[in-house]
Amino acid sequence: MVLGDIMGFSDSDYAYNQQRAHSADLFFIKMRAWFWGSCATLSMFLIGNIMGVFDINIMGWIIETIKSVFGGH
């Protein structure tokens with residue numbers, strides 16, 4: 001390959017560098033997912049605590065609705 005001779009890299013070097021770049025991309029995608037997942041989890045915990053302070057009980061509403069649908073009291 002003429003370009004490889006001029007630039008100083010071979011096809012296998014190019015393929016190796018592309019593989020390393022792809023691995024780095026995957027790493028950053030995973031880190032971004034972990035970051036936003038952690039932010040979302042923390043936000044939901046905070047919102048849940050705030051809802052508890054104002055006596056908003058979504059799980060209780062769901063359980064009572066299911067009970068009433070199946071004839072519970």
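See the structure above.
Now for a look at the structure at hand.

Below, the discussion takes up a nonpolar patch on the surface. A grouping of Ile50, Val53, Phe54, Ile56, Ile58, Met59, Trp61, Ile62, Ile66, Val69 and Phe70 is seen on the molecular surface, where their side chains present a nonpolar patch of about 1,200 Å² in accessible area. Taken together, the elements giving at least two residues each to the nonpolar patch come down to α2 (11-53) and α3 (58-69). Element by element, the count of residues in the nonpolar patch is highest for α3, at 6 residues. Relative to the helices and strands, isoleucine 66 resides in helix α3.

What follows covers α2. In a regular helix each residue adds 1.5 Å, so 43 residues correspond to 63 Å; α2 covers 63 Å between its end C-alpha atoms and thus fits that length. Among the residues trailing α2, aspartate 55 stands out with phi positive, at a value near 60°.

Attention now goes to α3. In a regular helix each residue adds 1.5 Å, so 12 residues correspond to 16 Å; α3 covers 17 Å between its end C-alpha atoms and thus fits that length. Phi for glycine 71, located one or two positions after α3, is positive at around 85°.

What follows concerns the packing of aromatic side chains. On inspection of all chains with the given rule, the structure shows 2 aromatic pairs. Here phenylalanine 27 and phenylalanine 28 contribute two aromatic rings whose centre-to-centre distance is 5.4 Å and whose plane-to-plane angle is 70°, an arrangement assigned as edge-to-face. For the pair phenylalanine 35 and tryptophan 36, a centre-to-centre distance of 5.0 Å together with 75° between the ring planes defines the contact as edge-to-face. According to the relative accessible area criterion, tryptophan 36 is exposed, its value standing at 55%.

The rules behind each value
- Residues numbered from 1 in each chain as written.
- Predicted model: local features only at pLDDT ≥ 70, side-chain atom pairs only at ≥ 80, totals over all residues.
- Heavy atoms only, no water.
- Patch = residues over 30% accessible without salt bridge, like charges linked within 9 Å, V, L, I, M, F, W, Y side chains within 5 Å.
- Areas by Shrake-Rupley, 256 points an atom, 1.4 Å probe, with all protein chains shown as cover.
- Salt bridge = Lys/Arg side-chain N within 4 Å of Asp/Glu carboxyl O.
- Helix = DSSP H or I, 4+ residues; strand = E, 2+ residues; numbered from the N terminus.
- Expected span 1.5 Å × (residues − 1).
- Phe/Tyr/Trp six-rings, centres within 6.5 Å; stacked < 30°, edge-to-face > 60°.
- Buried < 20%, exposed > 50% of the residue type's maximum accessible area, 1.4 Å probe, protein only.

Honestly, it's all geometry; don't read function into it.
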